[in-house]
2 protein chains.
Amino acid sequence: MPANEIRLALPDWIDTVDTDRVYADDEARVALAIRLARRNIEERSGGPFGAAIFDDAGRIVAVGVNRVLPERYSAAHAEMMAFMAAQARVGRARLNDDGARYILATSAQPCAMCYGASFWAGIDGLLIGARSADVMELSEFEEGPLPADWVGELEKRGIAVRRDILRDEARDVFTLYSNLGGQRY
Amino acid sequence: MPANEIRLALPDWIDTVDTDRVYADDEARVALAIRLARRNIEERSGGPFGAAIFDDAGRIVAVGVNRVLPERYSAAHAEMMAFMAAQARVGRARLNDDGARYILATSAQPCAMCYGASFWAGIDGLLIGARSADVMELSEFEEGPLPADWVGELEKRGIAVRRDILRDEARDVFTLYSNLGGQRY
């Protein structure tokens with residue numbers, strides 16, 4: 001591989017995700033993100049975070065899981081991997097430049113980096129499971145500083161936000177991770 | 001390439017950067033970031049942004065330029081590409097986990113995403129050329145929302161910040177980009 005080229009990969013088990021299914025409502029979409037986070041722990045293929053991008057009909061465009069330690073890249077968060085995979089699939093840097101709507105579902109509130117990335121990815125909605133406070137409480141992962149009105153900043157740029165979707169199930173993922181002695185980084 | 005694997009590349013001309021030189025002071029480090037941004041425009045290999053990561057002695061660990069449109073990835077900002085290349089080179093997700101110090105120099109103030117990414121990359125210092133206001137004024141690139149005390153949030157986590165380094169030279173890059181009709185995205 002040339003020195004100037006970097007390769008990032010999702011785990012092989014990602015191929016088993018049912019991409020034909022329609023994820024019709026917000027709960028089904030976040031439930032998938034939570035299942036991805038849980039599977040990532042069980043497979044020991046990365047940190048306890050999952051994300052998925054859907055088109056307006058609820059079909060999967062791409063999924064992502066945290067790959068920071070396996071890929072040795074600090075920005076390989078679930079949301080970033082999902083953006084990368086989705087943009088590679090549609091062949092453009094801003095998903096909704098085709099005029100369609102795209103929704104990101106994530107198992108936990110995006111960190112400061114993934115929050116910023118959400119403005120550039122071309123998404124129209126953000127569905128969130130666990131709160132940052134849950135992540136901190138249960139796993140000690142840091143989330144980084146956000147603008148005071150972080151939800152408002154998204155919404156005024158056309159990205160609708162819905163939080164606390166399946167929050168209990170999302171919290172359970174971090175409890176599992178801690179119970180298994182998962183590394184915090 | 002497998003569907004779950006993504007490849008990101010810096011332009012070939014990156015190989016011509018003098019990596020043997022010692023960039024002893026802050027100005028020399030930001031000057032390199034500005035030269036990278038300018039070259040990226042001239043070569044039409046991406047947006048008007050450059051970044052470089054140095055060790056404490058002033059030797060280059062890795063460099064980055066904006067590759068959003070060529071790589072069709074919204075997060076392929078100069079700072080992110082530099083983090084990725086540096087972490088690939090040292091073989092770990094957090095640069096300063098080896099106990100050494102690492103400094104990021106960037107031609108312009110990091111956007112909201114790159115700002116967040118700076119907390120996870122393992123850097124100890126951030127050297128900035130142009131201000132966000134310059135970027136907006138001269139090129140209309142959006143920078144996204146930051147916490148009110150964005151500098152203080154970095155410094156209280158051990159990342160020293162110095163701004164307005166070679167600001168005029170850094171501003172000139174955006175003027176050049178606009179004069180050449182460079183695309184805003």
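Our subject is the structure that appears above.
Conventions we followed
Residues numbered from 1 in each chain as written. Chains lettered and ligands numbered in written order. Predicted model: local features only at pLDDT ≥ 70, side-chain atom pairs only at ≥ 80, totals over all residues. Heavy atoms only, no water. Pairing = 2+ DSSP bridges. Helix = DSSP H or I, 4+ residues; strand = E, 2+ residues; numbered from the N terminus. Axes fitted to C-alpha atoms, helices over the stretch in contact; angles between N-to-C directions. Contact = heavy atoms within 4.5 Å. Buried area = accessible area lost by both parts, 1.4 Å probe. Salt bridge = Lys/Arg side-chain N within 4 Å of Asp/Glu carboxyl O. Phe/Tyr/Trp six-rings, centres within 6.5 Å; stacked < 30°, edge-to-face > 60°. Buried < 20%, exposed > 50% of the residue type's maximum accessible area, 1.4 Å probe, protein only. Lys NZ or Arg CZ within 6 Å of the ring centre and 35° of its normal. Expected span 1.5 Å × (residues − 1).

## Here we look at the sheet that holds strand β5 (residues 125-130) of chain B
Residues and elements named next belong to chain B. The mixed open sheet is built from five strands, whose spatial order is β3-β2-β4-β5-β6. Here the strands that pair on one side only, and so sit at the sheet edges, are β3 (60-65) and β6 (160-162). Ignoring strand direction, the axes of neighbouring strands in this sheet form an average angle of 15°. Pairing of strand β2 (residues 50-55) with β3 involves five bridges; the strand directions are antiparallel. Bridge pairing in β3 links Gly50 to Val65.

## Concerning the interface of chain B and chain A
Where interface size is given, it is often the accessible area lost as the parts come together that is meant. At the junction of the two partners, chain B supplies 41 residues and chain A supplies 42 residues. Together, the buried faces of chain B and chain A total about 3,500 Å²; carbon and sulfur atoms form 63% of this surface. When the buried surface of chain B facing chain A is broken down by residue, Asn4, Ile6 and Trp120 of chain B rank first, second and third, together holding 23% of it. Where chain B meets chain A, there are four salt bridges.

## Observations concerning the packing of aromatic side chains
All names here are of chain A. In this structure the tally under the stated criterion is 14 aromatic pairs over all chains. With centroids separated by 6.0 Å and ring planes inclined at 40°, the aromatic side chains of Phe141 and Tyr177 adopt a geometry described as tilted. Linking Phe141 in the loop between α5 (132-139) and α6 (150-155) with Tyr177 in helix α7 (residues 167-179), this pair joins segments that are 36 residues apart in sequence. According to the relative accessible area criterion, Tyr177 is buried, its value standing at 7%. One aromatic cluster is present, built from ring pairs that chain together Phe49, Phe141, Phe174 and Tyr177. Its end group placed over the ring of Phe54, Arg29 keeps NZ or CZ at 5.6 Å from the ring centre.

## Some words on helix α1 (residues 26-42) of chain A
Residue and element names in this part refer to chain A. In this model, α1 (17 residues) spans 24 Å end to end at C-alpha, consistent with the 24 Å of a helix rising 1.5 Å per residue. Within the span of α1, buried status applies to Ala28, Arg29, Val30, Ala31, Leu32, Ala33, Ile34, Leu36, Ala37, Asn40 and Ile41. Structurally, α1 contributes buried residues whose contacts are with β2 (50-55), β3 (60-65), β4 (102-108), β5 (125-130) and α7. With its phi angle positive at about 55°, Arg44 sits one or two positions after the end of α1.

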